[in-house]
Amino acid sequence: MDISTETLYQTVRILFAISLLGFLALVIRITLGELQHSSPRIEHRRSSKPKAEILTVPGEEGSMVPEGLVFDIQGVTTIGRARTAKIVLDDVSVSAQHALIRPDGGAWSIEDLGSRNSTLVNGRRIDGPRELVCGDAVQLGRVRLRFMC
């Protein structure tokens, strides 16, 4: 039985293609398995910290921050115009480092960081740390926010 060179070449190509597909299937299966096993651990770590959200609501006239943005808060969170803030509000009425939100014994508190336009909670200016309650209205300069937990 004489096998031609062309037939041998085609057989090797087919075997190589099958091997390559098997290797890719193995890589995908391992990768998906790793992702499925790591997700619950990451979620468990996140869930051990208190969580809350800040939502942007319609601001005062001239506010440059659109309504409907949602920011997750986990741990100590700075809010300001600077790119170094965890929550960046790009509006000239917001100071670079305007306010700080932090967990406080199972609750949350907010503190003004010496901003030029102050921080208001439910329409009242705050002068020191103040406890936040779910649904509180927070205002930084012309930007209005809603604290959700």
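Residues numbered from 1 in each chain as written. Predicted model: local features only at pLDDT ≥ 70, side-chain atom pairs only at ≥ 80, totals over all residues. Heavy atoms only, no water.

### Let's talk about the overall build of the protein
Then, in step 1: When its secondary structure is counted, the protein shows one helix and eleven strands.
Then, in step 2: When its helices and strands are written in sequence order, the protein yields α-β-β-β-β-β-β-β-β-β-β-β.
Then, in step 3: A total of 149 residues make up the protein; the buried ones form 29% of that total.
Then, in step 4: The contacts in the protein between residues at least 6 apart in sequence include a share of 35% that link residues at least 24 apart.
Then, in step 5: Carbon and sulfur atoms form 58% of the exposed surface of the protein, whose accessible area is close to 10100 Å². (Helix = DSSP H or I, 4+ residues; strand = E, 2+ residues; numbered from the N terminus. Buried < 20%, exposed > 50% of the residue type's maximum accessible area, 1.4 Å probe, protein only. Contact = heavy atoms within 4.5 Å. Areas by Shrake-Rupley, 256 points an atom, 1.4 Å probe, with all protein chains shown as cover.)

### Side note on the pattern of salt bridges
Then, in step 1: In the structure shown here, the tally under the stated rule is six salt bridges.
Then, in step 2: Across the pair Arg-83 and Asp-90 runs a salt bridge, and its minimum N-O distance is 3.9 Å.
Then, in step 3: A salt bridge links Asp-136 to Arg-130; its shortest N-O distance comes to 3.4 Å. (Salt bridge = Lys/Arg side-chain N within 4 Å of Asp/Glu carboxyl O.)

### Things to note about the state of the cysteines
Note on terminology: disulfide describes a covalent bond linking the sulfur atoms of two cysteines.
Then, in step 1: Following the criterion strictly, the structure yields one disulfide and no others.
Then, in step 2: Paired by a disulfide, Cys-134 and Cys-149 hold their sulfur atoms 1.5 Å apart. Disulfide Cys-134 to Cys-149: torsion about the S-S bond roughly -105°, handedness left-handed. Taken together, the positions of Cys-134 in the loop between strand 9 (130-132) and strand 10 (137-140) and Cys-149 in the segment after strand 11 (143-148) put the pair 15 residues apart, joining distant regions of the chain. (Disulfide = S-S within 2.5 Å.)

### Describing the confidence of the model for the protein
Then, in step 1: Of the residues in the protein, 89% reach a pLDDT of 70 or more, and the chain-wide mean stands at 89.
Then, in step 2: Between residues 39-47, whose pLDDT stays under 50, and residues either more than four places distant or in other chains, the model counts two contacts. (pLDDT = per-residue confidence, 0-100.)

### Some remarks on the environment of Glu-131
Then, in step 1: Within the secondary structure, Glu-131 sits in strand 9.
Then, in step 2: With 20 residues separating them along the chain, Glu-131 and Glu-111 place their C-alpha atoms 9.0 Å apart.
Then, in step 3: Setting aside residues up to four positions removed in sequence, Glu-131 forms contacts with Ala-107, Trp-108, Ser-109 and Asp-136.

### Focus on unusual backbone geometry
Then, in step 1: The backbone of Ser-118 sits at a positive phi, close to 60°, despite the residue not being glycine.
Then, in step 2: One can find Ser-118 in the loop between strand 6 (107-112) and strand 7 (119-121).
Then, in step 3: For Ser-118, a relative accessible area of 14% gives the class buried.
Then, in step 4: Unlike most non-glycine residues, Asn-122 shows phi in positive territory, near 55°.

### Describing the nonpolar core
Then, in step 1: Ranked by internal contacts, the top residues of the largest apolar core, which has 21 residues, are Ile-73, Leu-89, Ile-101, Ile-110 and Leu-132.
Then, in step 2: In terms of residue count, strand 11 provides more of this core than any other element does, three residues in total.
Then, in step 3: Setting aside chain neighbours within four positions, we find Ile-110 in contact with Ala-99, Leu-100, Ile-101, Thr-119, Val-121, Ile-126, Gly-128, Pro-129, Arg-130, Leu-132 and Val-138. (Core = buried A, V, L, I, M, F, W, Y, C linked by side-chain atoms within 4.5 Å.)

### Here's the deal with the sheet that holds strand 4 (residues 87-88)
Then, in step 1: Spatial ordering of the open sheet is given by 4-3-5-6-9, a layout of five strands whose pairing is mixed. Edge strands, defined here as strands with exactly one partner in the open sheet, are strand 4 and strand 9.
Then, in step 2: By the bridge criterion, two bridges tie strand 3 (residues 77-80) to strand 4 in an arrangement that is parallel. Bridging from a neighbouring strand, Ile-79 pairs with Ile-87 of strand 4. (Pairing = 2+ DSSP bridges.)

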